[in-house]
Amino acid sequence: MAAAVVDSAMEVVPALAEEAAPEAAGLSCLVNLPGEVLEYILCSGSLTAADIGRVSSTCRRLRELCQSSGKVWKEQFRVRWPSLMKHYSPTDYVNWLEEYKVRQKAGLEARKIVASFSKRFFSEHVPCNGFSDIENLEGPEIFFEDELVCILNMEGRKALTWKYYAKKILYYLRQQKILNNLKAFLQQPDDYESYLEGAVYIDQYCNPLSDISLKDIQAQIDSIVELVCKTLRGINSRHPSLAFKAGESSMIMEIELQSQVLDAMNYVLYDQLKFKGNRMDYYNALNLYMHQVLIRRTGIPISMSLLYLTIARQLGVPLEPVNFPSHFLLRWCQGAEGASLDIFDYIYIDAFGKGKQLTVKECEYLIGQHVTAALYGVVNVKKVLQRMVGNLLSLGKREGIDQSYQLLRDSLDLYLAMYPDQVQLLLLQARLYFHLGIWPEKSFCLVLKVLDILQHIQTLDPGQHGAVGYLVQHTLEHIERKKEEVGVEVKLRSHEKHRDVCYSIGLIMKHKRYGYNCVIYGWDPTCMMGHEWIRNMNVHSLPHGHHQPFYNVLVEDGSCRYAAQENLEYNVEPQEISHPDVGRYFSEFTGTHYIPNAELEIRYPEDLESVYETVQNIYSAKKEDAE
């Protein structure tokens, strides 16, 4: 019976929402219902925020039920933006109507900015001050981020350009927040030894779009600790570590009891859970990200050591990190407390090598060289993080396919956050900005990121005058070129000089020689590269040489290439190209081809019609043959 009353009342509510002056009988039927039933109806999900606004204006009782801090507006907010609810405490007073308005406004602002990015930055990387509009936004940053996530989660193969720039903006916002947290972390006193926290900041900065938190990583480590305790209980049911509570920092001093913990750890980590050092794919950045170490159960010496160290300390074993050359280690003190110790009073643990315990002699044998006693010393958190970032920096320099050098850029940011006066790295950063063409939006502006870096270098080390002068000169030349730049170059297929161009932007192609799949995002009537490139790529050996159309293509392996027309052919089974820059040029994938976004279409205004003709001739004919 109650359900029937609710169903009947729910039919009345929309009608009331549409009428400015509802009939007295209908209004009476509704407002005479019990308050719980009315609230249930209003929170049922069948009414929009606009409906609730109109309903609340019909009478005093409904207005009271729809008060701004009440359950009705809270439910409207929750249904619309469920991921934001975790930011509110159940005990806090919240004006849900006001929160709804602010979040709605933030969403509109976010979409406006995302929509503007393609036009502003289509022909170049987003510049250093390209995010200034975002930094000046009013309202909670979490609302703006939430809207960007909503854009990224839009279903289907549409809105690719929106997703491309939403991802860039979200990447920037989260990195700025993480970098600020890291800088605050680095200001902690030297005896603050949260190695895991620092490692997680590095992980988060390099993977800002992933859901990585210290809390989640600690929870995973806690589950490993529980398994170790279970094993330890079988070794010694009265072991003091078993009585430790979560978050305690107690240490056990007896060597025999510490040894029992390490034995249990080695069994759980390496035998039960199958953790191991990644010898097969050592030079992979994933080996340095703690969340990936836990997922893949593999890493390199420093990341495996941090995991081992964290677990040991939670169980009362005071291991310490050793910045050993070529192979990060941990040390375990065997001497009496308070005694004068040297390097021979420690056992050294190789977490990469399944927790093997080493003597000083064996450590030297491990790396094949003799080292001084100083290199067996313990290092603080900052030095550990410096080594982790240094490893990432080395990997970033080795990047071949990723032409955005994202890992190199991220690791430089992290290293300079710790050591802002490293001249050689500042020079590398300046060269990188110059190479990538990452300039401020108003290039003639006096405040240039590159010039700021160079001025800082000159102050730190006047001996770098030659390198600084070279980069300053080329930076200023770039500014002058930007001043002289004319409008967008438009390429018409109908023009006589383009008569040999056979393919169009948006078509999915296959390379005849190398077999890779790609999508065309630009073309030239002849090869426009310099003589050196033509010679290095052996273009003259092609039957048509460089006097044939060449195409800019995005390749499925993430690279961008410049391919000769005679080396390309239609892909008879077109598939999406998983390239990070697809959204920069295209707005949608139709299943057979990509549709250019507005900026690319301006540059190739006649190509889309040609694409439709090609699709009709190639793929429709194939479909008919199959049928």
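Every value quoted in this text rests on a predicted model; they were computed, and no experiment measured them.

How each quantity is defined
- Residues numbered from 1 in each chain as written.
- Predicted model: local features only at pLDDT ≥ 70, side-chain atom pairs only at ≥ 80, totals over all residues.
- Heavy atoms only, no water.
- Helix = DSSP H or I, 4+ residues; strand = E, 2+ residues; numbered from the N terminus.
- Buried < 20%, exposed > 50% of the residue type's maximum accessible area, 1.4 Å probe, protein only.
- Contact = heavy atoms within 4.5 Å.
- Areas by Shrake-Rupley, 256 points an atom, 1.4 Å probe, with all protein chains shown as cover.
- Patch = residues over 30% accessible without salt bridge, like charges linked within 9 Å, V, L, I, M, F, W, Y side chains within 5 Å.
- Salt bridge = Lys/Arg side-chain N within 4 Å of Asp/Glu carboxyl O.
- Core = buried A, V, L, I, M, F, W, Y, C linked by side-chain atoms within 4.5 Å.
- Phe/Tyr/Trp six-rings, centres within 6.5 Å; stacked < 30°, edge-to-face > 60°.
- Lys NZ or Arg CZ within 6 Å of the ring centre and 35° of its normal.
- Pairing = 2+ DSSP bridges.
- Axes fitted to C-alpha atoms, helices over the stretch in contact; angles between N-to-C directions.
- Polar contact = N/O pair within 3.5 Å; in protein donor to acceptor, adjacent residues only side chain to side chain.
- Expected span 1.5 Å × (residues − 1).
- pLDDT = per-residue confidence, 0-100.

Draft legend 1. Local environment of the overall build of the protein. Tallying secondary structure elements over the protein gives 25 helices and 13 strands in all. By the burial criterion, 47% of the 627 residues in the protein qualify as buried. Sequence separation of at least 24 residues holds for 62% of the intrachain contacts in the protein that already meet a minimum separation of 6. For the protein, the computed accessible surface area is about 32,400 Å², with 51% contributed by carbon and sulfur atoms.

Draft legend 2. Summary view of a nonpolar patch on the surface. Together, Val488, Val490, Leu492 and Ile602 line one region of the surface with nonpolar side chains, adding up to about 310 Å² of accessible area. Structurally, the position occupied by Val488 is in the loop between helix H21 (465-484) and strand S7 (508-511).

Draft legend 3. Seen up close, the pattern of salt bridges. Scanning the entire structure with this criterion turns up 15 salt bridges. One salt bridge connects Glu147 with Arg103, and the closest N-O pair in it is separated by 2.8 Å. You can see Glu147 sitting in helix H9 (residues 141-152) and its partner Arg103 sitting in helix H7 (residues 96-121), a full 44 residues away along the chain. Taking the shortest distance from any N to any O, the salt bridge between Arg603 and Glu599 comes out at 3.8 Å. Highlighted residues: Arg603 and Glu599, both in helix H24 (residues 598-603), separated by four residues, approximately one helical turn. The residues Arg603 and Glu599 share a single accessibility class, namely buried. Each member of the salt-bridge network shares a partner with another, and the members are Arg103, Arg111, Asp146 and Glu147.

Draft legend 4. Representation of the nonpolar core in the model. The biggest cluster of nonpolar side chains holds 77 residues, and the ones touching the most others in it are Met265, Tyr308, Ile311 and Leu319. Within the second largest apolar cluster, 31 residues are counted, among which are Val519, Leu554, Val555 and Tyr594.

Draft legend 5. Summary view of the packing of aromatic side chains. Under the defined criterion, the tally for this structure stands at 25 aromatic pairs. With centroids separated by 4.9 Å and ring planes inclined at 55 degrees, the aromatic side chains of Tyr88 and Trp96 adopt a geometry described as tilted. This pair shows no difference in class: Tyr88 is buried, exactly as Trp96 is. Among the aromatic side chains, those forming a connected cluster through ring pairs are Trp73, Phe77, Trp81, Tyr88, Trp96, Tyr100 and Phe143. Cation over ring: Arg331 sits above Tyr346, and NZ or CZ is 4.0 Å from the ring centre. Over the ring of Tyr419 we find Lys382, and its NZ or CZ is 4.8 Å from the ring centre.

Draft legend 6. A look at the sheet that holds strand S11 (residues 568-570). As summarised here, the arrangement of the five strands in space is S10-S9-S8-S7-S11, forming an open sheet in which the pairing is antiparallel. The two strands at the open ends of the sheet, each matched to only one other strand, are strand S10 (560-564) and S11. Neighbour-to-neighbour, the strand axes of the sheet open up by a mean angle of 50 degrees, direction not taken into account. Summarising the sheet, S7 and S11 pair through three bridges and their orientation is antiparallel. Considered in S11, the bridge of His511 is made with Leu568.

Draft legend 7. Representation of unusual backbone geometry within the structure. In this model, Ala159 sits at a positive phi of 55 degrees, which is unusual for a non-glycine residue. Along the chain, Ala159 turns up in the loop between H9 and helix H10 (160-186). Of note in the backbone geometry, Ser326 takes a positive phi value of approximately 70 degrees without being a glycine. Note on placement: Ser326 falls in the loop between strand S3 (320-322) and strand S4 (329-333).

Draft legend 8. Summary view of the side chain of Arg313. Among the structural elements, Arg313 can be located in helix H15 (residues 301-314). Judged by its relative accessible area of 18%, Arg313 falls in the buried class. Each residue touching Arg313, except ones within four places of it in the same chain, is listed here: Glu193, Tyr195, Ser250, Met251, Leu319, Glu320 and Pro321.

Draft legend 9. Region of interest: the environment of Arg103. Residue classification places Arg103 among the buried residues on the basis of a relative accessible area of 1%. Residues Arg103 and Phe144, spaced 41 residues apart in sequence, show a C-alpha to C-alpha distance of 7.8 Å. Look past the residues within four positions of Arg103 in its chain and what remains in contact with it is Phe77, Trp81, Leu84, Phe143, Asp146, Glu147 and Cys150. Separated by 2.8 Å, the side chains of Arg103 and Glu147 make a polar contact.

Draft legend 10. Expanded view of the pairing of S4. S4 sits mainly inside the fold: four of its five residues count as buried. The sheet contact formed by S3 and S4 spans three bridges and is antiparallel. Across the sheet, the residue bridging to Val322 is Leu329, located in S4. What sits between the antiparallel neighbours S3 and S4 is a turn of six residues, in which Ser326 has the positive phi angle 70 degrees. Two strands pair when backbone bridges link them, and S4 and strand S5 (residues 346-350) are joined in this way by four bridges, in the antiparallel orientation. Bridge pairing in S5 links Leu330 to Ile349.

Draft legend 11. Main features of helix H11 (residues 195-206). With 12 residues, H11 should cover 16 Å at 1.5 Å per step; its first-to-last C-alpha distance of 17 Å lies within 8% of that length. A large share of H11 lies buried, amounting to 12 of its 12 residues. Three or more residues of H11 are buried, namely Tyr195, Leu196, Glu197, Gly198, Ala199, Val200, Tyr201, Ile202, Asp203, Gln204, Tyr205 and Cys206.

Draft legend 12. Broad picture of the confidence of the model for the protein. On average, residues of the protein carry a pLDDT of 85, and 82% of them reach 70 or more. The secondary structure element of the protein with the lowest average pLDDT is helix H1 (residues 2-18), at 44, and the one with the highest is strand S2 (residues 298-299), at 98. Contacts of residues 439-447 to residues separated by more than four positions or lying in other chains number 23 contacts, the stretch itself having pLDDT below 50.

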